[in-house]
Amino acid sequence: MRKKSVLSEREETIVRLARAGEWQELIEWLNRGTHHGKPGASMAEKMLATEAMRDAGDRQVLTERAFVLAAMHSPMAKQIACALLQELWPDDLSLTELVLALTIDDDWEVREWAAPAFTALLVSEWPRHLPMIEELTMHPHESVKRQIALAIKQTAQKRIAGSVDSLLALTERLLPEEHEYVRKNLGPFCIGDGLLRVYPQETLSKLKRWATDEPWPVRWNAVMSFCGASGSAHPDVAYEILSGRIDDPHPLVQKAVKRTIKNLAKRCPEDDRLVSLAKV
């Protein structure tokens, strides 16, 4: 936490209320703030409250606080509970039910705040918690699958030795999911901006196979993996996959192919193959 001397009066109050466990007052105080012109606390203020709680109690106390905050109606309180669980969950799998409840919360910001806990679990003592994450890929709610996709990307960025095959296998479990909330975070983001950037050769090998798989979401994700900046680093494989899917039988895959070709043609104007495909 920042030194006390540099905290503003508002921040001092946040720290005091958080350490004292005055939850209702804390949440009311946080909600009185403004962030980007909107009511509510900034991320920095919410993390300040989280850090103050960590400084003031042991793991048992923090666990109790996470349950109290998660049970409040305020999305702000639930977001702070998520931040606490990021540290607590890897050491206490009995908290899984609480994490999942926050992950599928009606408030989108709460769901966003739950995401880092999945990365923390996956990374912690790799690959100790890999079986738990594999099991969670079968969860029926799209938000759980979406958070796993983000965790795969963020774990890939840590370049843990020997992890690439397991991360690709974990990704493959999510590929058939049709829900847009998962797909838009999987192909373009998890694979394209994550695995393809960090482990290009291993990922390209998988993408060639995924691009011809029977379930249409698998093909969609393979195509959209080339839609971002990382895709332009592999024009040969991109052309091979995209030209082979330009007449895909599923309309959403066709749409993804056209969008990806258009993006690549802009990024690789010297590549006549991609430029020509963009004109089809």
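As named in an unreviewed UniProt entry, the protein chain is DNA alkylation repair protein, taken from Tumebacillus lipolyticus.

Caption draft 1: Quick look at the overall build of the protein chain. Assigned secondary structure in the protein chain consists of 16 helices and 2 strands. Nonlocal contacts in the protein chain, meaning residues at least 24 apart in sequence, comprise 66% of its contacts between residues at least 6 apart. With the model as given, the accessible surface of the protein chain reaches about 13,400 Å², and the carbon-plus-sulfur share is 50%. Side-chain charges of the protein chain comprise 37 positive and 40 negative groups, with the mean position of each set lying 5 Å from the other.

Caption draft 2: Here's a closer look at the pattern of salt bridges. Enumeration over the complete set of coordinates arrives at 16 salt bridges. Across the salt bridge formed by lysine 78 and aspartate 105, the nearest N and O atoms sit 2.9 Å from each other. Of this pair, lysine 78 sits in helix H5 (residues 75–88) while aspartate 105 sits in the loop between helix H6 (96–103) and helix H7 (108–123), and the two are 27 residues apart along the sequence. Overall, lysine 78 belongs to the buried group, its relative accessible area being 15%. Here aspartate 105 falls in the buried class, since its relative accessible area comes to 13%. Here the salt bridges share partners, and the residues they tie into one network are Arg54, Arg59, Glu87 and Asp91.

Caption draft 3: Focus on unusual backbone geometry. A cis amide bond, omega 0°, links tryptophan 126 with the succeeding residue proline 127. In this fold, proline 127 is placed in the loop between H7 and helix H8 (130–136). Positive phi outside glycine occurs at glutamate 125, with the angle close to 50°. Along the chain, glutamate 125 falls in the loop between H7 and H8. In this structure, arginine 159 is a non-glycine residue whose phi angle is positive, near 50°. Its location among the elements puts arginine 159 in the loop between helix H9 (142–156) and helix H10 (164–174).

Caption draft 4: The environment of aspartate 213, seen in detail. With respect to the element layout, aspartate 213 can be found in the loop between helix H12 (200–210) and helix H13 (216–224). Exposure remark for aspartate 213: the relative accessible area of 29% places this residue in the partly exposed category.

Caption draft 5: Summary view of the packing of H9 against H10. Two elements in contact, H9 and H10, have axes whose closest approach is 10 Å; the angle formed by their N-to-C orientations is 160°. Between H9 and H10, the angle is such that the two are roughly antiparallel. Seen from above, H9 lies across H10 with left-handed handedness. In this structure, H9 contributes Lys145, Ile148, Ala149, Ile152, Thr155 and Ala156 to the contact, and H10 contributes Leu167, Leu170, Thr171 and Leu174.

Caption draft 6: Spatial organisation of the side chain of threonine 103. Secondary-structure assignment places threonine 103 in helix H6. Owing to a relative accessible area of 0%, threonine 103 belongs among the buried residues under this scheme. One polar contact links the side chain of threonine 103 to the main-chain carbonyl oxygen of valine 99, over a distance of 2.7 Å. In this view, threonine 103 contacts Arg111, Ala114, Phe118, Ser143, Val144 and Gln147; residues no more than four positions away in its chain are not counted.

Caption draft 7: Quick peek at the packing of aromatic side chains. Enumeration according to the criterion identifies 1 aromatic pair in this entry. Judged by centre distance (5.2 Å) and plane angle (80°), the ring pair of tryptophan 89 and phenylalanine 118 falls under edge-to-face. Of the two residues, tryptophan 89 is situated in the loop between H5 and H6 and phenylalanine 118 in helix H7; the sequence distance between them amounts to 29 residues. Residues tryptophan 89 and phenylalanine 118 agree in their burial class; the two are buried. Arginine 183 extends its terminal NZ or CZ atom over the ring of tryptophan 220, reaching a point 4.5 Å from the ring centre.

Caption draft 8: Main features of H6. Buried residues dominate H6, accounting for 6 of its 8 residues. Taken together, the buried positions of H6 are occupied by Thr96, Leu98, Val99, Leu100, Leu102 and Thr103. The secondary structure elements touched by the buried residues of H6 are helix H4 (59–70), H5, H7, H8 and H9.

Caption draft 9: Representation of H10 within the structure. Within H10 the residues assigned to the buried category are Val164, Leu167, Leu168, Leu170, Thr171 and Leu174. In a view along the axis of H10, the buried residues occupy a sector of 160°, so they form one face of it. In this fold, the buried residues of H10 make contact with H7, H8, H9, helix H11 (180–198) and H12.

The rules behind these values
Residues numbered from 1 in each chain as written. Predicted model: local features only at pLDDT ≥ 70, side-chain atom pairs only at ≥ 80, totals over all residues. Heavy atoms only, no water. Helix = DSSP H or I, 4+ residues; strand = E, 2+ residues; numbered from the N terminus. Contact = heavy atoms within 4.5 Å. Areas by Shrake-Rupley, 256 points an atom, 1.4 Å probe, with all protein chains shown as cover. Lys, Arg positive; Asp, Glu negative; His and termini not counted. Charge placed at Lys NZ, Arg CZ, Asp CG, Glu CD. Salt bridge = Lys/Arg side-chain N within 4 Å of Asp/Glu carboxyl O. Buried < 20%, exposed > 50% of the residue type's maximum accessible area, 1.4 Å probe, protein only. Axes fitted to C-alpha atoms, helices over the stretch in contact; angles between N-to-C directions. Parallel < 35°, antiparallel > 145°, perpendicular 65-115°, else oblique. Left-handed = near helix turned anticlockwise from the far one by under 90°. Polar contact = N/O pair within 3.5 Å; in protein donor to acceptor, adjacent residues only side chain to side chain. Phe/Tyr/Trp six-rings, centres within 6.5 Å; stacked < 30°, edge-to-face > 60°. Lys NZ or Arg CZ within 6 Å of the ring centre and 35° of its normal. Arc of directions from axis to C-beta.

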